[in-house]
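Spelled out from the first residue to the last, the chains are:
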Amino acid sequence: MQPTNFYRPTFAQIDLNAIKMNILNLKKHISHSVEVIAVVKANAYGHGDLEVSKTALEAGVSMLAVATPDEAIRLRKNGIESPILVLGASSPSFANVASEHDITVTVFQKDWFLHIPPLPKKLKVHIKIDTGMGRLGITTESELDMLIQTIQQRQDVIIDGVFTHFATADEEDINHFSNQLTKFKLFLQHFPKRPRCIHAANSAASLIHMDSLFDAVRFGISMYGLLPSEHVKKELPFPLVQAMSLHTEVVHVKKVCAGSSVSYGAIYTASENEWIATLPIGYADGMLRGLSGQEVLIQGKRMPIVGKICMDQCMVRLPEQVNIGERVTLIGRQGTEQVTIEEWAQKLQTISYEIPCVLTSRVPRTYTP
Ligand SMILES: *Cc1c(COP(=O)(O)O)cnc(C)c1O
């Protein structure tokens, strides 16, 4: 379904039902008592934060998680009333706004509270423990005791949760993962009162490490139908449905003679007389230059991108002439053929996470229910 209000035929389609299915299947896989926190940071991994948040809440998630204070404010300003957790560091100057908007923040330094005046409403916090990720969080048990004491001295702060983050939950070797889990359990014993929500698992852990679920899981990449890693694929408890597909149309077709070249640098030379199509999508859309050689789908068949990818366009070699306006699927299905986000990630020697995140705002997102 091509979006209206746009004159270029390039768009990403987001299948909201796929997101819903992935959440419902996860809920069946984990026990009823475990809540799902939908991770919608970075514009819902490029899928659209508002639409994905609404869908996830309809599917029964209990909380949304974002990376930054600004992402949380954007959700609130657009009418989302569910609990929201900011996973990253918030500055102390955000405390007042957070309490006003009922946004839960992550804390891990006792000095964070030093200059915060009494708050108008209660501020909910989740304490972050660094058990081996080496990014944010408390690293020693005495630090945790002091932080808990600091918070207990305030009437306006509630310890709503405590969490940690795994560095290797998606890998075959469980050694580091197990160490983190053991360490987390030790830290948990320091809470005089059990916080409402203890959570640790990301997508990979929630799919393949049933011993790490606690009260909630933070479901990110696999909510969008993507694999955290190749290892998780081997142990996947249910099939994931990829939510994003990427489409455009052929805007020009020509026959080039053997020996003529295509695109910048004249790197690609036709070895015989060839049909070449021009597509209106390039690296400024997130179709990165490393994707030269990647195949796209036209009329249900795979055809290679030839020559260098330009900022706004790229060229594809066809076996025969096609019509102007012919549908091109860069990510997704046509008939029995499929190009996955994982295939792009492999081509670019990166992880699936990066692909939808780098699709730029020039590419309109369209939604199917
Ligand atoms: C991004 C993030 C997640 C989600 O991880 P996925 O692998 O995408 O499921 C969970 N927890 C934290 C702290 C994160 O930053």
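The name given to the protein in an unreviewed UniProt entry is Alanine racemase, with the source organism recorded as Paenisporosarcina antarctica. Recorded in UniProt for the protein, the comment headed Cofactor (unreviewed entry) runs: "pyridoxal 5'-phosphate".

J.: Tell me about the environment of isoleucine 309, and name the residues and values.
T.: Among the structural elements, isoleucine 309 can be located in the loop between strand E16 (301-306) and strand E17 (314-318). Isoleucine 309 sits in the buried class, given a relative accessible area of 1%. Sequence separation between isoleucine 309 and leucine 291 is 18 residues, and the spatial gap between their C-alpha atoms is 7.6 Å.

J.: Describe the site of the ligand, and please don't skip the residues or the numbers.
T.: The full set of residues close to the ligand is Val39, Lys41, Tyr45, Leu87, Arg135, His165, Asn202, Ser203, Arg218, Gly220, Ile221 and Tyr353. Here an oxygen atom of the ligand and a side-chain polar atom of tyrosine 353 are 2.6 Å apart. Here the ligand loses 93% of its free accessible area of 390 Å² to cover by the protein chains. Of the residues assigned to the shell around the ligand, the class counts are 5 nonpolar, 4 polar and 3 charged.

J.: Could you give an account of the side chain of histidine 47, with specific residues and numbers?
T.: Along the polypeptide, histidine 47 turns up in the loop between helix H2 (41-45) and helix H3 (49-58). Apart from residues no more than four positions distant in its own chain, histidine 47 is found in contact with Ile14, Val52, Tyr224, Ala243, Met244, Pro356, Arg365 and Tyr367.

J.: Tell me about the domain arrangement of the protein, residues and numbers included.
T.: Per the domain assignment, the segments making up the protein are domain 1 (16-230) and domain 2 (244-339). On a C-alpha basis, the centroid separation for the pair domain 1 and domain 2 is 42 Å.

Procedures and definitions
Residues numbered from 1 in each chain as written. Predicted model: local features only at pLDDT ≥ 70, side-chain atom pairs only at ≥ 80, totals over all residues. Heavy atoms only, no water. UniProt positions renumbered as here; feature names shortened; annotations may be inferred. Helix = DSSP H or I, 4+ residues; strand = E, 2+ residues; numbered from the N terminus. Buried < 20%, exposed > 50% of the residue type's maximum accessible area, 1.4 Å probe, protein only. Near = heavy atom within 4 Å. Polar contact = N/O pair within 3.5 Å; in protein donor to acceptor, adjacent residues only side chain to side chain. Areas by Shrake-Rupley, 256 points an atom, 1.4 Å probe, with all protein chains shown as cover. Nonpolar A, V, L, I, M, F, W, Y, C, P; charged D, E, K, R; others polar. Contact = heavy atoms within 4.5 Å. Domains from an automatic or database assignment.

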